[in-house]
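The residues making up each chain are set out below.
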Amino acid sequence: MTLLILGLIVFLAAHSVRIYAETWRGAVMARIGPNAWKGLYSLVSLLGFVLIVWGYGRARVGAAELWSSPSWLHNPALLLMLLSFILFAAVYVPRNRIKTSIGHPMVASVVVWASAHLLTNARAADLVLFGAFLAWSAIDFRSSRRRDRLAGTGAPAGTWANAAVAAVIGLAVWVLFLIYLHSRLIGVPVI
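Quantities reported herein were computed from a predicted structural model and do not represent experimental measurements.

Engineer: Could you give an account of unusual backbone geometry, naming the residues involved and the relevant values?
Structural biologist: Residues other than glycine seldom take positive phi values, yet Arg95 does so here, at roughly 50 degrees. Judged by its relative accessible area of 49%, Arg95 is partly exposed.

Below is the structure:
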């Protein structure tokens, strides 16, 4: 569990700089340059991610469930994951209505992803991992929307046609994860 917690601290701290230390971020970026900042940010994030994966994998082995999650929550969790994949796809489809409406669909997808996983996972490591991501993403989403309002910025006007493209991409990747990738990458079959 220690590696998982350490990974979460490193990863989420790096991803929280804009929330809690925007001025410091700007000063460091001005001093070392935006490319060096992005490189440093990427290395720290990668280190945190590796620690999360390693720590979560170790913490799951032989861990007892804290409670029994009702089986009827499985289907709502699957539908929430579909929404999460659509939101995530919307990040990469230009000028789509989802991005215009949500503002920060990637962070919103993390809120939905973490919530879905908290519905159906009941080990301590699950609560730490998904609870930390849920708390961070909710705070980041609120902070990002507030920052956009203060700056008067937002996503450009999007079309429903491009939103449909994002939905189709999200659906396709969701099906791929459902049938194959979740079991291969995470080691837990979904269906």
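Engineer: Can you lay out the nonpolar core for me, pointing to particular residues and giving the numbers?
Structural biologist: Nonpolar side chains in soluble globular proteins tend to be buried together. Within the largest apolar cluster, 19 residues are counted, with the highest numbers of intra-cluster contacts made by Leu78, Met81, Leu87, Ile98, Ala166, Trp174 and Leu178. Among the elements that take part in this core, helix H5 (residues 74-92) stands out by supplying nine residues, more than any other. For Trp174, the residues in contact, after removing those within four places along its chain, are Leu78, Met81, Leu82 and Phe85. Core analysis: the second largest hydrophobic core is formed by 15 residues, Leu12, Ile19, Val110 and Phe130 among them.

Engineer: Account for the packing of aromatic side chains, naming residues and giving values.
Structural biologist: Going through the model one piece at a time under the given rule, you end up with eight aromatic pairs. Taken together, a centroid distance of 6.1 Å and an interplanar angle of 75 degrees make the contact between Tyr56 and Phe130 edge-to-face. Here Phe130 lies in helix H8 (residues 124-151) and Tyr56 lies in helix H4 (residues 34-60), a separation of 74 residues in the sequence. You'll find Tyr56 and Phe130 in the same group, each marked buried. Three or more aromatic residues joined by ring pairs make a cluster, and in this case those are Phe11, Tyr56, Trp113, Phe130, Phe133 and Trp136.

Engineer: Lay out the packing of helix H7 (residues 105-120) against H8 in plain terms, naming residues and giving numbers.
Structural biologist: The N-to-C vectors of H7 and H8 enclose an angle of 150 degrees; their axes lie 8 Å apart at closest approach. Classified by the interaxial angle, the pair formed by H7 and H8 is roughly antiparallel. Relative to H8, H7 is oriented so that their crossing is left-handed. Between H7 and H8, the contacting residues are Val107, Ala108, Val110, Val111, Trp113, Ala114, Ser115, His117 and Leu118 on the first element and Asp126, Leu127, Phe130, Gly131, Phe133, Leu134, Trp136, Ser137, Ala138, Asp140 and Phe141 on the second. Residues of the contact of H7 with H8, tallied by class, amount to 14 nonpolar, four polar and two charged.

Engineer: Go over the side chain of Lys99 with me, naming the residues and quoting the values.
Structural biologist: Position of Lys99 among the secondary structure elements: in helix H6 (residues 97-102). For Lys99, which is buried and forms no salt bridge, the nearest opposite charge comes from Asp148, at a distance of 12 Å. A polar contact of 2.9 Å, which involves the side chain of Lys99, links it to the backbone oxygen of Val91. Here Lys99 is in contact with Ala90, Val91, Val93, Pro105 and Ala155, once residues within four sequence places are set aside.

Engineer: Before we move on, could you go through H8 and cite the residues and values that matter?
Structural biologist: With 28 residues, H8 should cover 40 Å at 1.5 Å per step; its first-to-last C-alpha distance of 40 Å lies within 8% of that length. When H8 is considered as a whole, its buried residues turn out to be Ala125, Asp126, Leu129, Phe130, Phe133, Trp136, Ser137, Asp140, Ser143, Ser144, Arg147 and Asp148. Where H8 terminates, the next one or two residues include Gly152, which has phi positive at roughly 70 degrees.

Engineer: Could you give me a rundown of the packing of H4 against H8, with the residues and numbers involved?
Structural biologist: Where H4 meets H8, the axes come as close as 9 Å, and the angle between the chain directions of the two elements is 150 degrees. Of the possible angle classes, the one that applies to H4 and H8 is roughly antiparallel. Judged by residue contacts, Ile52, Tyr56 and Ala59 of H4 engage Ala125, Asp126, Leu129, Phe130 and Phe133 from H8. A breakdown of the residues in the contact of H4 with H8 according to their chemical character gives seven nonpolar, no polar and one charged.

About the criteria used
Residues numbered from 1 in each chain as written. Predicted model: local features only at pLDDT ≥ 70, side-chain atom pairs only at ≥ 80, totals over all residues. Heavy atoms only, no water. Buried < 20%, exposed > 50% of the residue type's maximum accessible area, 1.4 Å probe, protein only. Core = buried A, V, L, I, M, F, W, Y, C linked by side-chain atoms within 4.5 Å. Helix = DSSP H or I, 4+ residues; strand = E, 2+ residues; numbered from the N terminus. Contact = heavy atoms within 4.5 Å. Phe/Tyr/Trp six-rings, centres within 6.5 Å; stacked < 30°, edge-to-face > 60°. Axes fitted to C-alpha atoms, helices over the stretch in contact; angles between N-to-C directions. Parallel < 35°, antiparallel > 145°, perpendicular 65-115°, else oblique. Left-handed = near helix turned anticlockwise from the far one by under 90°. Nonpolar A, V, L, I, M, F, W, Y, C, P; charged D, E, K, R; others polar. Lys, Arg positive; Asp, Glu negative; His and termini not counted. Salt bridge = Lys/Arg side-chain N within 4 Å of Asp/Glu carboxyl O. Polar contact = N/O pair within 3.5 Å; in protein donor to acceptor, adjacent residues only side chain to side chain. Expected span 1.5 Å × (residues − 1).

Bear in mind that shape data such as this cannot, by itself, settle questions of function.
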